[in-house]
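Chains, contacts and geometry: an overview
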Amino acid sequence: MKIGDIDLIPLNDGFCRLPQQFYVGLDFERHPELLTDDGKIEIPIGCYLLRTGDRLVLLDAGLGPVSVGWAEGGELPAALAAVGVSPGDIDTIVCSHLHIDHLGWLARDGEPFFPNATVRYGEADWGRFVADVNAEEPTRVIMETLAAAGRLEPLSGDMVAIAPGLTARHMPGHTLGHYCMVVSSGEERAFLLGDAVECPLQLDEPDFYAISDVDPALAARTREALWRELEGSQAMIAAAHFPGLEFGRVLRGQGKRWVSI
Ligand SMILES: [Zn+2]
């Protein structure tokens, strides 16, 4: 996919298979399409590769090569290789937030997996997910490995320039340090929302939320402000866990608010 002059490539590291309780307040009898045959919510673990000029930027770094009760990862390196990219080619990684399914590949065996990449992440996530958890937590181990290697550059404030045409935008609620990526080139724009929006259905049914939201009320306000900004525009929307890593647009005055493209 092209956004003006910028290449945008969705990549999938694996899948989460979650119990229905993960979506708080959603009536699944009205939305059986969200469930597998055995009644689970199955969602991809998405990452996005962005090529802008001579820069190669990765948004989110998957779960990593592990299988846990609720998720399986491990496909990201092969997905990168399939588009001709090796880990050493990536110069910048932006972690939308510090949940493990967004940073699992950042370090393996005590070394940064992407040897030339600077890793950007929301500074406000450091306490809750790194400093205040026990020393064996995978997120802490990975982030401290990167810190020791001098690869971290935290994000603070809003609208941080990452690379030409790429801006990190602070969208708190899912976590307090959550950032989205705005891709802008020529007349075209895309918004890569991380976990600020978990499912496109949240547009038309704004009362449900993911149990992993740290501050659900703030997350809901952040989403609603975003929809008001984007409705009726041609901006392309995607996120880390939308089914099939689909893209869509936000409609205005058409009886529904989301259309897949
Ligand atoms: Zn996630």
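Structure's up top.
**Topic: the layout of surface pockets**
If you add up the space inside the largest pocket, you get close to 530 Å³. Surrounding the largest pocket, 30 residues form its lining, Leu 63, Trp 70, His 99, Ile 100 and Asp 101 being those nearest its centre. With 4 residues, the single largest contributor to the lining of the largest pocket is helix H3 (residues 138–148). Counted by class, the lining of the largest pocket contains 17 nonpolar, 6 polar and 7 charged residues.

**Quick notes on the packing of aromatic side chains**
Scanning the entire structure with this criterion turns up 8 aromatic pairs. Each ring, one from Phe 22 and one from Tyr 23, has its centre 5.9 Å from the other, and the planes form 45°; the classification is tilted. Judged by relative accessible area, which is 3%, Tyr 23 ranks as buried. Aromatic pair Tyr 121 and Trp 126: ring centres 5.6 Å apart, planes at 40°, arrangement tilted. Residue class for Tyr 121 comes out buried when judged on its relative accessible area of 5%. Taken together, the ring pairs connect Phe 22, Tyr 23, Phe 28 and Phe 208 into an aromatic cluster. Over the ring of Trp 105 we find Arg 108, and its NZ or CZ is 5.8 Å from the ring centre.

**Some details on the coordination of the zinc ion**
The coordination sphere of the zinc ion, as far as protein atoms go, consists of Asp 101 (OD), His 102 (NE2), Asp 195 (OD) and His 241 (NE2), spread over 2.1 to 2.3 Å. Here the zinc ion binds 4 donor atoms, and the angle range of 84 to 165° at the metal identifies the geometry as irregular. Written as a sequence motif, the donor arrangement for the zinc ion is D-H-x92-D-x45-H.

**What to know about the nonpolar core**
In this structure, Leu 58, Ile 90, Leu 106, Phe 114 and Met 143 are the most contacted members of the largest nonpolar core, which totals 28 residues. Beyond its immediate stretch of four places on either side in the chain, Ile 90 contacts Leu 49, Leu 56, Leu 58, Leu 80, Val 85, Phe 114, Asn 116 and Ala 117. Judged by nonpolar contacts, the second largest core, of 23 residues, contains Ile 6, Leu 59, Leu 192 and Met 236.

**Details of the environment of Gly 122**
For Gly 122, the location among the structural elements is in strand S11 (residues 118–122). Residue class for Gly 122 comes out buried when judged on its relative accessible area of 0%. Sequence separation between Gly 122 and Leu 176 is 54 residues, and the spatial gap between their C-alpha atoms is 8.1 Å. Ignoring any residue separated from it by four or fewer positions in sequence, one finds Gly 122 in contact with Cys 95, Leu 155, Gly 177 and Tyr 179.

**Description of a nonpolar patch on the surface**
On the surface, Val 66, Val 68 and Trp 70 cluster together to form a nonpolar patch covering roughly 210 Å² of accessible area. Structurally, Trp 70 can be placed in the loop between strand S6 (67–68) and strand S7 (71–72). What makes Trp 70 partly exposed here is its relative accessible area of 32%.

**Brief notes about H3**
Among the residues of H3, Thr 139, Arg 140, Ile 142, Met 143, Thr 145 and Leu 146 are the ones counted as buried. The elements touched by buried residues of H3 are strand S9 (107–108), strand S10 (111–112), S11, helix H2 (126–131) and strand S12 (152–155). Trailing H3 by a residue or two, Gly 150 shows a phi angle of about 70°, which is positive.

**Digging into the state of the cysteines**
This model, assessed by the stated rule, comprises 0 disulfides. Cys 95 takes part in no disulfide bond, and the closest cysteine sulfur, belonging to Cys 47, lies 9.3 Å away. Looking at Cys 95, the relative accessible area reads 0%, which means it is buried. There is no disulfide at Cys 199, and the cysteine sulfur nearest it, in Cys 16, is 13 Å away.

**Remarks on the side chain of Gln 202**
Along the chain, Gln 202 falls in helix H4 (residues 201–204). In this structure the side chain of Gln 202 is engaged in a polar contact, spanning 3.2 Å, whose partner is the backbone oxygen of Phe 208. If near-sequence neighbours (up to four positions away) are discounted, Gln 202 is found in contact with Val 197, Phe 208, Tyr 209, Ala 210, Arg 223 and Trp 227.

Calculation notes
- Residues numbered from 1 in each chain as written.
- Predicted model: local features only at pLDDT ≥ 70, side-chain atom pairs only at ≥ 80, totals over all residues.
- Heavy atoms only, no water.
- 1 Å grid on protein atoms, 1.4 Å probe; cavity = no way out; pocket = protein on both sides within 12 Å on 5 of 7 lines; lining within 4 Å.
- Points joined across faces, edges and corners; volume = space filled by probe spheres on them.
- Helix = DSSP H or I, 4+ residues; strand = E, 2+ residues; numbered from the N terminus.
- Nonpolar A, V, L, I, M, F, W, Y, C, P; charged D, E, K, R; others polar.
- Phe/Tyr/Trp six-rings, centres within 6.5 Å; stacked < 30°, edge-to-face > 60°.
- Buried < 20%, exposed > 50% of the residue type's maximum accessible area, 1.4 Å probe, protein only.
- Lys NZ or Arg CZ within 6 Å of the ring centre and 35° of its normal.
- Donors = N, O, S within 2.8 Å, 3.2 Å for Na, K, Ca; no water.
- Tetrahedral: all angles 85-135°; square planar, octahedral: opposite > 155°, others 65-115°.
- Core = buried A, V, L, I, M, F, W, Y, C linked by side-chain atoms within 4.5 Å.
- Contact = heavy atoms within 4.5 Å.
- Patch = residues over 30% accessible without salt bridge, like charges linked within 9 Å, V, L, I, M, F, W, Y side chains within 5 Å.
- Areas by Shrake-Rupley, 256 points an atom, 1.4 Å probe, with all protein chains shown as cover.
- Salt bridge = Lys/Arg side-chain N within 4 Å of Asp/Glu carboxyl O.
- Disulfide = S-S within 2.5 Å.
- Polar contact = N/O pair within 3.5 Å; in protein donor to acceptor, adjacent residues only side chain to side chain.

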